[in-house]
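Observations on the three-dimensional arrangement
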Amino acid sequence: MPMDVDLGLENTYIKHTKLTYIDGELGVLRYRGYDINDVVNNLSFMETAYLMLYGRIPDSKELKLFSSYIGDGKLPERIFSMIDTFPEGDPLSMASSVFAALAIDNNMKWSIDENKRNAGRIIGLSFNVFANIYLHIKGKKLYNIDLGDPVSGFLRVTNNMDPKNVKAFEAAMILYMDHEIPASTTAALVTASTLSDMLSSLSSAMNALKGPLHGGAAENAFLEFLDIGSPENVKPWFNEHIIKNRERLIGFGHRVYKTYDPRIKKFRELSMSLCDEKNRIILDTALELERVALDYFREKKIYPNTDFFSGLLFNELGFEHWFFTSLFALSRVTGILAHIIEYNENEQRLIRPRAIYNGDGERFIKR
Ligand code: ACO
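Residues numbered from 1 in each chain as written. Predicted model: local features only at pLDDT ≥ 70, side-chain atom pairs only at ≥ 80, totals over all residues. Heavy atoms only, no water.

Under the annotation held in an unreviewed UniProt entry, the protein carries the name Citrate synthase and is attributed to Picrophilus torridus. The Catalytic activity (unreviewed entry) field of the UniProt record for the protein holds the comment "oxaloacetate + acetyl-CoA + H2O = citrate + CoA + H(+)". Per UniProt, the comment on the protein under Sequence similarities (unreviewed entry) is "Belongs to the citrate synthase family." (UniProt positions renumbered as here; feature names shortened; annotations may be inferred.)

Spelled out as C-alpha cells, the structure:
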C-alpha cells in the first residue's frame, strides 16, 4: 500500500524528455539543448518548430518540406459553418470544440511514420483555428489564412502587419512554444497514451489550458495593471490588496522558477520597444509594480513570471485581453505535439494512476 497520494503529481515523473530543460533555481530554459534566448534571437518560428519536432535545425530543403506540411492545414467549409454558430464566449472552449470536430473524420490515425507530417499539418490547422475564432468573435468573415508564413498570415487578422510587429509576435510564439509538461501538455499526454489521435489530444489540452491557474494569468495580470491605472497608484494599491488583504499578485511566482524566468528578458525588451504613447501609462504602471513587488517578495524568492510581460506585448500588437490565453495556446500547440510524439514513440504506456480509497467499508442496501 502507498503511504500517501502525491497531490498535484508534484513529485511524479511520467516521461523522459529531450525537448525542454528547465533549471528553476538558476533560471535556465533550453529547447533541445539551446538556450531560449539563443533560440529566440536566431531562429524563426518554423525553424524552432522543426527543431522541437525533429531534434535539429533544418536546412533549406527540410524547411521547405516542413512548410508544405504546415500549408496542408486548411480548414474545411463545415468548420467555418460550425465556428459561425458559436455564441459569444470563451475562445479556448471554441478551440477545444473545433479540434474535436476536426478529429471526427480525420485520417490521421496514430502512425509513427506519419506523426511528424501530421504534426506539421496540425500546426497549420491550429493557426487557422485560432485566427478564425478571433475573426468570428470580431464579427468578421472567416477564411483560411496564408500559411506560407503562418506567423504573418495570422497577424493579418488584426490588420497589424508592420514588420517590427511580425518579428515581435514571432518571438512570443517561440518563447511560449514549450515548457516541459504543465497541466495542458499532461492532459494531452493522458489522452494520447490511450492511442487516441493527436487532434483529440489537443482538444483535451485546450480545456486544461483555459483554467485561471494555468493559461489565464497574462490576461489577469494585464487587467491588474489597468485596475491600478498609473504608477502613482501602485504603492497604495499594493499595500491595500497584496499586503493588507493578502491577495495573490497575478504575474508573480512560479512553481518551478525561484528566480527570474529566463523568457522575461525578451518579453520585456519587446514590450518596451513596441510601446507607443497610448500604452505608455500601462507599461510604466507595470514596471513600477514590478519594482515594488520585487522589494516586497525577494526574500521569499517570488519573481515575475512571463505572464507579467506577455500581456503588455499582446496588447501592443493589437490583440484584446480576452485573446491573450489563445495566443499562448496557439504557440504551445507545437510543444504539445512534440511531447505526444516523443512519448508514444519512445515510452508509450497507458497513463492510468491510482486513487487511495478512503470511503466507507462494505455496506448493504436494505429495502
Ligand atoms: N502573490 C502573493 N503571494 C504569493 C504569490 C503571489 N503571486 N505566489 C506565491 N505566493 C506565496 C504564497 O502565498 C505562499 O506564501 P506562504 O508560504 O506564506 O503561505 C508562498 O508564496 C508559496 O506559494 P504556493 O502557492 O505554495 O507556491 P506555488 O509554487 O504553488 O505557486 C503559483 C505557484 C500558483 C504560480 C503562484 O505563484 C501564484 O498563484 N501566482 C499568481 C498567478 C500567476 O501568476 N500564475 C501564472 C503562473 S506562470 C504560468 O502558468 C505560465
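1. Regarding the pattern of salt bridges
Tallied over the entire structure, the rule returns 14 salt bridges. Across the salt bridge formed by Glu 342 and Lys 15, the nearest N and O atoms sit 2.5 Å from each other. Pair noted here: Glu 342 is in helix α16 (residues 324-346) and Lys 15 is in the segment before β1 (20-23), with a separation of 327 residues, a long-range link. Lys 15 matches Glu 342 in its accessibility class, with the two residues each being buried. Here Glu 25 makes a salt bridge to Lys 301, at a shortest N to O gap of 3.7 Å. Remark: Lys 301 occurs in the loop between α14 (277-297) and α15 (307-316) and Glu 25 occurs in the loop between β1 and β2 (28-31); sequence separation between them is 276 residues. (Salt bridge = Lys/Arg side-chain N within 4 Å of Asp/Glu carboxyl O. Helix = DSSP H or I, 4+ residues; strand = E, 2+ residues; numbered from the N terminus. Buried < 20%, exposed > 50% of the residue type's maximum accessible area, 1.4 Å probe, protein only.)

2. Quick look at empty space enclosed by the protein
Per the stated rule, a full pass over the model turns up 1 cavity of 30 Å³ or more. Here the largest cavity is characterised by a volume of approximately 30 Å³. Taken together, Gly 253, His 254, Tyr 257, Thr 259, Asp 261, Lys 301, Ile 302, Tyr 303, Pro 304 and Asn 305 form the lining of the largest cavity. Here the residues of the lining of the largest cavity are counted per class, giving 4 nonpolar, 4 polar and 2 charged. (1 Å grid on protein atoms, 1.4 Å probe; cavity = no way out; pocket = protein on both sides within 12 Å on 5 of 7 lines; lining within 4 Å. Points joined across faces, edges and corners; volume = space filled by probe spheres on them. Nonpolar A, V, L, I, M, F, W, Y, C, P; charged D, E, K, R; others polar.)

3. Details of the domain arrangement of the protein
Many descriptions give the size of an interface as the accessible area lost when the pieces come together. Domain boundaries assigned for the protein yield domain 1 (18-211 + 328-346) and domain 2 (217-316). The C-alpha-based centres of domain 1 and domain 2 are spaced at 27 Å. Each side of the interface is counted separately: domain 1 has 22 residues, and domain 2 has 21 residues. For the pair domain 1 and domain 2, the summed buried area comes to about 1,700 Å², and 64% of that belongs to carbon and sulfur atoms. One can count 1 salt bridge joining domain 1 with domain 2. Inspection of the domain 1/domain 2 interface yields 7 residue pairs in polar contact (both at pLDDT 80 or more). Sorting the residues of the side of domain 1 that touches domain 2 by element identifies β1, β2, α1 (36-42) and α8 (163-175) as the ones contributing at least two each. At 6 residues, the largest contribution of residues to the side of domain 1 that touches domain 2 is made by α8. A breakdown of the residues in the side of domain 1 that touches domain 2 according to their chemical character gives 11 nonpolar, 7 polar and 4 charged. (Domains from an automatic or database assignment. Contact = heavy atoms within 4.5 Å. Buried area = accessible area lost by both parts, 1.4 Å probe. Polar contact = N/O pair within 3.5 Å; in protein donor to acceptor, adjacent residues only side chain to side chain.)

4. Observations regarding unusual backbone geometry
Unlike most non-glycine residues, Glu 180 shows phi in positive territory, near 60°. Following the sequence through the fold, Glu 180 ends up in the loop between α8 and α9 (183-192). With a phi angle near 60°, Lys 301 is a residue other than glycine that sits in the positive phi range.

5. Thoughts on the packing of aromatic side chains
Overall, the coordinates contain 28 aromatic pairs when judged by the stated rule. For the pair Phe 238 and Phe 297, a centre-to-centre distance of 6.2 Å together with 75° between the ring planes defines the contact as edge-to-face. Of this pair, Phe 238 sits in helix α12 (residues 234-244) while Phe 297 sits in helix α14, and the two are 59 residues apart along the sequence. Residue Phe 297 is classed as buried on the basis of its relative accessible area, which comes to 10%. When the centroid spacing of 5.2 Å and the interplanar angle of 70° are considered together, the rings of Phe 308 and Phe 309 count as edge-to-face. Feature note: the residues Phe 45, Phe 127, Tyr 134, Phe 154, Phe 169, Phe 319, Trp 322 and Phe 323 constitute an aromatic cluster, connected by ring pairs. (Phe/Tyr/Trp six-rings, centres within 6.5 Å; stacked < 30°, edge-to-face > 60°.)

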